[in-house]
Amino acid sequence: GEDVEQSLFLSVREGDSSVINCTYTDSSSTYLYWYKQEPGAGLQLLTYIFSNMDMKQDQRLTVLLNKKDKHLSLRIADTQTGDSAIYFCAEAPMNSGYSTLTFGKGTMLLVSP
Amino acid sequence: DTGVSQDPRHKITKRGQNVTFRCDPISEHNRLYWYRQTLGQGPEFLTYFQNEAQLEKSRLLSDRFSAERPKGSFSTLEIQRTEQGDSAMYLCASRGQVNEKLFFGSGTQLSVL
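Residues numbered from 1 in each chain as written. Chains lettered and ligands numbered in written order. Predicted model: local features only at pLDDT ≥ 70, side-chain atom pairs only at ≥ 80, totals over all residues. Heavy atoms only, no water.

Draft legend 1. A look at the layout of surface pockets. Its boundaries defined by the atoms lining it, the second largest pocket holds a volume of some 500 Å³. Around the second largest pocket sit 25 residues that line it, and Gln37 and Ile86 of chain A together with Gln37, Leu39 and Gly40 of chain B are the ones nearest its centre. Of all the secondary-structure elements, those providing two or more residues to the lining of the second largest pocket are β9 (85-91) and β11 (107-112) of chain A together with β9 (88-95) of chain B. Tallying contributions element by element places β11 of chain A first for the lining of the second largest pocket, with 4 residues. Here the residues of the lining of the second largest pocket sort into 12 nonpolar, 11 polar and 2 charged. (1 Å grid on protein atoms, 1.4 Å probe; cavity = no way out; pocket = protein on both sides within 12 Å on 5 of 7 lines; lining within 4 Å. Points joined across faces, edges and corners; volume = space filled by probe spheres on them. Helix = DSSP H or I, 4+ residues; strand = E, 2+ residues; numbered from the N terminus. Nonpolar A, V, L, I, M, F, W, Y, C, P; charged D, E, K, R; others polar.)

Okay, structure coming up:
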């Protein structure tokens, strides 16, 4: 089956870098995604990476993909208190025709001043 | 605001009642998805439409659940004879092509008493 695994909680101080890790199971997934969810809100797409890439950088966000280990990470540079939220990793597996996303349980990021 | 609208934002109902939620996707998006999210979990896929055709349904979608997208634009999700276990956030998402970004609405929070 498909299981996307994430650590549940991360606490950092403002200004530090945050690294959120994810492992996925379906090596056929072509796209891997990071979403952010603030309390009581829907999901906001932060960034995504195509499976033939190793790294993608977008302003303060850096995504690293290790396809061999099926490991994805999201690094947030200069973390701010406004970055406090739940971060979800998601994959689009082949057995769904790449059409549906399978999400992890989310990592709660707490940024303290 | 992602452009995906969901109504209502909150719904409180008594066990055994029927409820209906509405989703208006981004207008040019022909793919529409319903997900369910319970506390402490990531979103779980329920069903997927391409235009008006319902192409995929999860095993999570019991007989009490029905979704429609009659004209290929807005969609409704109905739950009949609600149970306390149906309490969750129901999220709608849409996109154009399979390899395009998936945009989520803010969700409908259902509480079954």
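Structure shown, so let's carry the discussion forward.
Draft legend 2. Just the packing of aromatic side chains, in detail. Within this structure, the stated rule accounts for 15 aromatic pairs over all chains. Here the aromatic rings of Tyr35 of chain A and Phe103 of chain A are separated by 5.7 Å at their centres, their planes lie at 55°, and the arrangement is tilted. One end of the pair, Tyr35 of chain A, is in strand β4 (residues 31-37); the other, Phe103 of chain A, is in strand β10 (residues 102-103), with 68 residues separating them in the sequence. For the pair Tyr35 of chain A and Phe103 of chain A, one class covers both residues: buried. Of note, Lys56 of chain A hangs over the ring of Tyr48 of chain A, and the distance from its end group to the ring centre comes to 4.0 Å. Above the plane of the ring of Phe74 of chain B lies Arg22 of chain B, whose end atom (NZ or CZ) is 3.9 Å from the centre. (Phe/Tyr/Trp six-rings, centres within 6.5 Å; stacked < 30°, edge-to-face > 60°. Buried < 20%, exposed > 50% of the residue type's maximum accessible area, 1.4 Å probe, protein only. Lys NZ or Arg CZ within 6 Å of the ring centre and 35° of its normal.)

Draft legend 3. Highlighting the state of the cysteines. All chains considered together, the criterion is met by 2 disulfides over all chains. Disulfide pairing is shown between Cys22 of chain A and Cys89 of chain A; the S-S distance is 2.0 Å. Classification of the bridge connecting Cys22 of chain A and Cys89 of chain A rests on its S-S torsion, roughly -60°, and on that basis the disulfide is left-handed. Of this pair, Cys22 of chain A sits in strand β3 (residues 18-23) while Cys89 of chain A sits in strand β9, and the two are 67 residues apart along the sequence. With its sulfur 1.9 Å from that of its partner, Cys23 of chain B forms a disulfide with Cys92 of chain B. Sign of the S-S torsion, about -70° for the bond between Cys23 of chain B and Cys92 of chain B, identifies this disulfide as left-handed. Of the two residues, Cys23 of chain B sits in strand β3 (residues 19-24) while Cys92 of chain B sits in strand β9, which places them 69 residues apart along the sequence. Each member of the pair, Cys23 of chain B together with Cys92 of chain B, is buried. (Disulfide = S-S within 2.5 Å.)

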